[in-house]
Amino acid sequence: MNPVQQLTRLPRATLEFTNILLTQDDAEIAASPKDVVWTHRKTTLYRYRSADRVHPVPVLLVFALINRPHIFDLRPGNSFVEFLLSEGFDVFLLDWGEPGDEDADVGLESYVCDSLPWGIRETLRAAGEDEVSLLGWCIGGTLCAMHAALEPGGAARNLALLTTPIDTAGSLYGNWVGRDSFDVDQVADVHPAIPGSAIDWANKMMKPVTNYWTTYRNLWEGVLDGTARRDAYQAMAKWVADNPPFPSRAYREWITWMYKENRLVGGRLRLRGERVDLGRIEQNLLVVTAGADHIAPPPGTLPLLEAVASDDVTHFDRSGGHIGLMAGSRAKGEIWPDIADWLRERSGR
Amino acid sequence: MGEENPTPQDQARRLYEEGEARTARAMEELVGRDSFGELLARVTENAMALTRIGADLADTAIRNLRLAGRNDVARLGRQLARTEDKLEMVLQEVERVRERLDADAASPGAKDAGGSTRSSSRRSPAAKSRSSNSSAGARRSHAGRRRSAKRSP
C-alpha cells in the first residue's frame, strides 16, 4: 500500500480503530453453555454442557487469582473448553469469582485446603466418578500443586500444570516484590482486597513497550491494511482488562511465602500446620512451560520436575508467552491437542 | 524483490521497527534493575500511605453523616461470609452422618464407614499402592459414595 492509499484509508481506519477499542466490552467471551454445580462464598463450580462425554475421568480447570478464568473459554471457535468438550472430556471449571473487602480473611489455606478440595468433591459427585484430572494455569497451577502435595493419594489422578510459578528466585516479579523495601503488609493493610488494576499494571510493566504500545500499533496496522481481527483482539483485550481484586490475606501470603521467602520449592511452606512437600506429589504430572514467559519463566517451573515423586512425568516446553501459549492463534493446532492426548491416555477406567 | 530493493517506505518501516524493538529491550532492562525495584517499592509505599489518609478522611466524613461507610458494609459482608463458611461445614457434617447411617444400614456389622464399604478404585496399580498408606483413600471412597446425595447448588 503506497502512502497515498494509506492517506485515503486514514479516516476510515481511525474510525475502525477507535471503534474496536471503544466496543471491546461488547465482545462475547466465555460463551460455552455451562451449569452451576456448587457455590461457596465467591467461588463457583461450573460444569460445561456436553452430549459427547467419552472419557470417564472429568477435567477440573483451575485458573489464577488474577484475571478471570474466561481465558479457558475465550471465544467461540477459539476456546480450550470447546476443544476439550469436542474431544469427549467432561469439563468443570472452578471460578474464584470477584473477591471484595469482605473476603480480606481469605488466605492461601482457604483456597488450597477448602475451596479446591471442596470443588473436587463436588466435581466427583456431579460426574459420578472417583477421580479427577486437575488442570491448573499460572497461580491456579501452584494451588493445584500445593493441594496435590498435601493429598498425594487424593482424588486427583492427573495433574497438568501450565506456566506455573514454583521457584521464584531470580524472577523479575521477585526482584520487585521480594525485596525488603517492598512492604507487602502495608499494601495488605490498606487494601482489604488488592485492586486488580494495580496487579495488572505491575504485570504489564514487565514488558512496558510491548503492552502499552506495540499491541496498539499492531492493531492500528492491521486495521490500516485490512487484516485486523476484531473478534480476536476484542476478546483478548476484554479478558486482559477484567482484573478481579486479590484478597489481602492471600496476597500477603502469596508475596511473602512465594517471593520474599521462596518457601514452596524449599519445602518450607506450611498450610494449616502441614508441610507442603512437593516430593509427595505422586500424580501423573504434565508440566507445560512457555519459552517467552516473563511472568512464570521456565527456570521457575522446572524444579518441580525434579522435586516430585511421580513415576509419570511429562514436560512440554513450547514457544509463546504466559498467556499466548494457551490462548494464542497457534494454540489450537499445537499445544491443545498435545494436552488432550496426554489427558486421554490417562483418563480411562 | 522487495528484500533486495527496498522502497524508502520499507526502509523507514524497518528502521522504525528496529527502533521500537530496541526501546522495548531497553525498557525491559530498565524495569529489571534493582534501582527500578527500589523505586517501585518507594512509590508503592507513598501511594499506600496517601490511600490510607484519603480512606480515613472519607470514612470519618461518612460516619459523621451517620451513613454506613465501606468498612461497615464490608463488616456485614464478612459476617455473611463467615455464616456461609459455617453452613458449609454443617452441610459436610450432615453428609458424613448420612453416609455413616447409609453404610450402617447397608452392612449392619460395619462400624467404620471408611472400612469394608470402600469403593473400588480405577487407578493404576502403582497409584493404588501409593494411596493405600494414606487416609486420602478413605476420602476418595467417601466421594464415590456421596454420588447419591446430590445437593442443589
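Residues numbered from 1 in each chain as written. Chains lettered and ligands numbered in written order. Predicted model: local features only at pLDDT ≥ 70, side-chain atom pairs only at ≥ 80, totals over all residues. Heavy atoms only, no water.

J.: I keep staring at the overall build of chain A and nothing clicks. Help me out?
T.: Secondary structure summary: chain A contains 14 helices and 12 strands in total. Against the globule reference of 20 Å for 349 residues, chain A gives a C-alpha radius of gyration of 21 Å, in line with a compact fold. In chain A, which comprises 349 residues, the proportion classed as buried is 64%. Pairs at least 24 residues apart make up 80% of the contacts formed inside chain A by residues separated by at least 6 positions. With the model as given, the accessible surface of chain A reaches about 12,400 Å², and the carbon-plus-sulfur share is 51%. Side chains of chain A carry 35 positive and 47 negative charges; the gap between the two charge centres is 2 Å. (Helix = DSSP H or I, 4+ residues; strand = E, 2+ residues; numbered from the N terminus. Rg over C-alpha atoms; globule rule 2.2 N^0.38 Å. Buried < 20%, exposed > 50% of the residue type's maximum accessible area, 1.4 Å probe, protein only. Contact = heavy atoms within 4.5 Å. Areas by Shrake-Rupley, 256 points an atom, 1.4 Å probe, with all protein chains shown as cover. Lys, Arg positive; Asp, Glu negative; His and termini not counted. Charge placed at Lys NZ, Arg CZ, Asp CG, Glu CD.)

J.: Can you walk me through the interface of chain B and chain A in this structure?
T.: It is common to give the size of an interface as the accessible area lost on bringing the parts into contact. Taken together, the contacts link 57 residues of chain B with 56 residues of chain A. Of the roughly 4,900 Å² buried between chain B and chain A on both sides combined, carbon and sulfur atoms contribute 49%. At the junction of chain B with chain A, the criterion picks out 10 salt bridges. Glu 95 of chain B is the partner of Arg 125 of chain A in a salt bridge, and the nearest nitrogen-oxygen pair spans 2.9 Å. Scanning the region where chain B abuts chain A turns up 18 residue pairs in polar contact (both at pLDDT 80 or more). Elements that contribute at least two residues to the side of chain B that touches chain A include exactly helix H1 (8–31), helix H2 (34–64), helix H3 (70–106), helix H4 (125–132) and helix H5 (136–145) of chain B. The residue makeup of the side of chain B that touches chain A, split by class, is 17 nonpolar, 14 polar and 26 charged. (Buried area = accessible area lost by both parts, 1.4 Å probe. Salt bridge = Lys/Arg side-chain N within 4 Å of Asp/Glu carboxyl O. Polar contact = N/O pair within 3.5 Å; in protein donor to acceptor, adjacent residues only side chain to side chain. Nonpolar A, V, L, I, M, F, W, Y, C, P; charged D, E, K, R; others polar.)

J.: Any chance you could explain the state of the cysteines here in plain terms?
T.: A covalent bond bridging the sulfur atoms of two cysteines is what the word disulfide describes. Taken as a whole and judged by the stated rule, the model has zero disulfides over all chains. Left without a disulfide partner, Cys 113 of chain A is nearest to the cysteine sulfur of Cys 144 of chain A, which lies 13 Å away. (Disulfide = S-S within 2.5 Å.)

J.: Just to check I follow, could you spell out the layout of surface pockets for this structure?
T.: By rolling a water-sized probe across the atoms, one finds the places where empty space is left. Residue and element names in this part refer to chain A. Roughly 1,500 Å³ of volume is contained in the largest pocket. Taken together, 47 residues form the lining of the largest pocket, with Asn 211, Thr 215, Met 236, Val 240 and Ile 323 sitting closest to its centre. Secondary structure elements with two or more residues in the lining of the largest pocket: helix H7 (196–205), helix H8 (208–225), helix H9 (230–241) and helix H13 (324–327). Residues that form the lining of the largest pocket fall into these classes: 22 nonpolar, 19 polar and six charged. (1 Å grid on protein atoms, 1.4 Å probe; cavity = no way out; pocket = protein on both sides within 12 Å on 5 of 7 lines; lining within 4 Å. Points joined across faces, edges and corners; volume = space filled by probe spheres on them.)

J.: Got a minute to help me understand the environment of Gly 226 of chain A in this structure?
T.: Residues and elements named next belong to chain A. Topologically, Gly 226 is positioned in the loop between H8 and H9. Since its relative accessible area comes to 57%, Gly 226 is described here as exposed. Along the chain, Gly 226 and Pro 195 lie 31 residues apart, while their C-alpha atoms are 37 Å from each other.

J.: Quick question: what am I supposed to make of the sheet that holds strand S6 (residues 156–162) of chain A here?
T.: Strand pairing within a sheet occurs via backbone hydrogen bonds; the two strands may be parallel or antiparallel. All names here are of chain A. The mixed open sheet is built from eight strands, whose spatial order is S1-S2-S4-S3-S5-S6-S11-S12. Both edges of this open sheet fall to strand S1 (34–40) and strand S12 (313–318), since each of them pairs with a single strand only. Strand-to-strand twist of the sheet, defined as the mean angle between neighbouring strand axes without regard to direction, takes the value 20°. By the bridge criterion, six bridges tie strand S5 (residues 132–137) to S6 in an arrangement that is parallel. Looking at the pairing, Ser 133 lines up with Asn 158 of S6. Seen against the sheet, helix H14 (residues 335–345) touches strand S3 (59–62), S5, S6, strand S11 (284–290) and S12 and runs at an angle of roughly 175° to S12. (Pairing = 2+ DSSP bridges. Axes fitted to C-alpha atoms, helices over the stretch in contact; angles between N-to-C directions.)

J.: Where do I start with the packing of helix H3 (residues 108–127) of chain A against helix H4 (residues 139–150) of chain A in this structure?
T.: For any two helices packed against each other, the geometry is given by the interaxial angle and the distance between the axes. Residue and element names in this part refer to chain A. Viewed as axis vectors pointing N to C, H3 and H4 meet at an angle of 80°, and their least axial separation amounts to 10 Å. When the interaxial angle is binned, H3 and H4 end up roughly perpendicular. Across the interface between the two elements, Leu 108, Tyr 111, Val 112, Cys 113, Leu 116, Pro 117 and Ile 120 of H3 pack against Leu 143, Cys 144, Met 146, His 147 and Leu 150 of H4. A breakdown of the residues in the contact of H3 with H4 according to their chemical character gives 11 nonpolar, one polar and no charged. (Parallel < 35°, antiparallel > 145°, perpendicular 65-115°, else oblique.)

J.: So what exactly am I meant to see when it comes to helix H10 (residues 248–260) of chain A here?
T.: In an α-helix, one turn spans 3.6 residues; hence positions three or four apart end up facing the same way. The element H10 of chain A is extensively covered by neighbouring structure, given that 10 of its 13 residues are classed as buried. Within H10 of chain A, burial applies to Ser 248, Ala 250, Tyr 251, Glu 253, Trp 254, Ile 255, Thr 256, Trp 257, Met 258 and Tyr 259 of chain A.

J.: What exactly am I supposed to notice about the pattern of salt bridges here?
T.: Two side chains that carry opposite charge are able to pair once their charged atoms sit near each other. Under the defined criterion, the tally for this structure stands at 49 salt bridges over all chains. A single salt-bridge network, built from bridges that share partners, covers Arg 41, Lys 42, Glu 102, Asp 103 and Asp 105 of chain A together with Arg 82 and Asp 85 of chain B.

J.: What am I meant to see in the side chain of His 70 of chain A here?
T.: Among the secondary structure elements, His 70 of chain A is positioned in the loop between S3 and helix H2 (80–86). Look past the residues within four positions of His 70 of chain A in its chain and what remains in contact with it is Ile 29, Ala 30, Trp 239 and Asp 242 of chain A.

J.: Just checking my understanding: could you explain unusual backbone geometry for this structure?
T.: If a residue is not glycine, its phi is most likely negative; likewise, a peptide bond is most likely trans. A positive phi angle, close to 45°, is found at Asn 262 of chain A, a residue other than glycine. Mapped onto the secondary structure, Asn 262 of chain A falls in the loop between H10 and helix H11 (263–266). Located in the positive-phi region is Arg 66 of chain B, a residue other than glycine, with phi close to 60°. Mapped onto the elements, Arg 66 of chain B comes out in the loop between H2 and H3.

J.: For this particular structure, what's the right way to read the packing of helix H1 (residues 3–22) of chain A against H8 of chain A?
T.: All names here are of chain A. Their axes nearest at 8 Å, the elements H1 and H8 cross at an angle of 125°. Judged by the inter-axis angle, H1 sits oblique to H8. Here H1 and H8 pass one another in a crossing that is right-handed. Touching Gln 6, Arg 9, Leu 10, Ala 13, Thr 14, Glu 16, Phe 17, Ile 20 and Leu 21 of H1 are Tyr 216, Leu 219, Trp 220, Val 223 and Leu 224, all from H8. Tallied by class, the residues present in the contact of H1 with H8 amount to 10 nonpolar, two polar and two charged. (Left-handed = near helix turned anticlockwise from the far one by under 90°.)

J.: Honestly, the nonpolar core in this entry has me stumped. Any pointers?
T.: A general feature of soluble globular proteins is that nonpolar side chains tend to end up buried together. All names here are of chain A. Formed by 111 residues in total, the largest nonpolar core has its most connected members in Leu 60, Leu 61, Leu 135, Trp 176 and Phe 246. Of the residues forming this core, the biggest block, nine residues, is contributed by H3. Beyond its immediate chain neighbours, meaning those up to four positions away, Phe 246 contacts Leu 65, Ile 66, Ile 139, Ala 193, Ile 194, Ile 199, Tyr 251 and Trp 254. Grouped together as the second largest cluster of nonpolar side chains are eight residues, Phe 17, Leu 219, Val 223 and Tyr 233 included. (Core = buried A, V, L, I, M, F, W, Y, C linked by side-chain atoms within 4.5 Å.)

J.: Is there a simple way to explain the environment of Gln 283 of chain A in this structure?
T.: All names here are of chain A. Of note, Gln 283 is situated in the loop between strand S10 (274–275) and S11. Residue Gln 283 is classed as buried on the basis of its relative accessible area of 0%. Separated by 80 residues in the primary sequence, Gln 283 and Asn 203 have C-alpha atoms spaced 31 Å apart. A distance of 3.4 Å separates a polar side-chain atom of Gln 283 from the backbone oxygen of Pro 152.

Keep in mind these numbers describe shape, not what the thing actually does.
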